[in-house]
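Architecture and fold: a report
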Amino acid sequence: MEHAGIERLLIDRNRCEGYGMCQQAAPDLIHLDDEDEPVIDVAELSAAHKPLANAAVRACPVAALTLSGPTAH
């Protein structure tokens, strides 16, 4: 169930190819594990995280990251 007002960074694991551009753009929010799979470190984004989350989404060369929530549309 979605909580009102909560925005999240989501990964489409079928699209992700492990380039690590998201990690470079937003190291406080996401990292790659030992198998080059992305791991989201911050589940619920605060207003302070929003610029980093947007940078990670834009940095992904295969569009595997998206934002969900009230302001993602």
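Small disclaimer: the values here were computed from a predicted structure and weren't measured.

Calculation criteria
- Residues numbered from 1 in each chain as written.
- Predicted model: local features only at pLDDT ≥ 70, side-chain atom pairs only at ≥ 80, totals over all residues.
- Heavy atoms only, no water.
- Helix = DSSP H or I, 4+ residues; strand = E, 2+ residues; numbered from the N terminus.
- Buried < 20%, exposed > 50% of the residue type's maximum accessible area, 1.4 Å probe, protein only.
- Contact = heavy atoms within 4.5 Å.
- Lys, Arg positive; Asp, Glu negative; His and termini not counted.
- Charge placed at Lys NZ, Arg CZ, Asp CG, Glu CD.
- Salt bridge = Lys/Arg side-chain N within 4 Å of Asp/Glu carboxyl O.

So, the overall build of the chain
Regarding its fold elements, the chain presents two helices and four strands. Seen in sequence order, the chain has helices and strands lined up from the N terminus as β-α-β-β-α-β. For the chain, the spread of C-alpha atoms along the three principal axes comes to 35 × 25 × 20 Å. Split into buried and exposed, the 73 residues of the chain put 33% on the buried side. Taking all contacts inside the chain whose residues are at least 6 apart in sequence as the whole, residues at least 24 apart take part in 60%. If the 5 positive side-chain charges of the chain are averaged to one point and the 12 negative ones to another, these points end up 10 Å apart.

Overview of unusual backbone geometry
Positive phi, close to 60°, is recorded for Asp-36, a residue that is not glycine. Under the relative-accessibility criterion, Asp-36 is labelled partly exposed at 45%. A positive phi angle, near 55°, is found at Ala-63, a position not held by glycine. Positionally, Ala-63 belongs in the loop between helix H2 (50–59) and strand E4 (65–68).

Brief notes about the pattern of salt bridges
Taken as a whole, this structure holds three salt bridges when the rule is applied. One salt bridge connects Lys-50 with Glu-7, and the closest N-O pair in it is separated by 3.0 Å. Taken together, the residues Lys-50 in helix H2 and Glu-7 in the segment before strand E1 (8–11) connect sequence positions 43 residues apart. For Arg-8, the salt bridge is made with Glu-44, and the minimal N-O distance between the two is 3.2 Å. Residue Arg-8 is found in strand E1, and its partner Glu-44 is found in the loop between strand E3 (38–40) and H2; the two are separated by 36 residues along the sequence.

A short note on the environment of Ala-64
Here Ala-64 is to be found in the loop between H2 and E4. Sequence separation of Ala-64 and Cys-16 is 48 residues, and the distance between their C-alpha atoms is 5.2 Å. Contacts of Ala-64, omitting those with residues within four sequence positions, involve Leu-10, Ile-11, Asp-12, Arg-15 and Cys-16.

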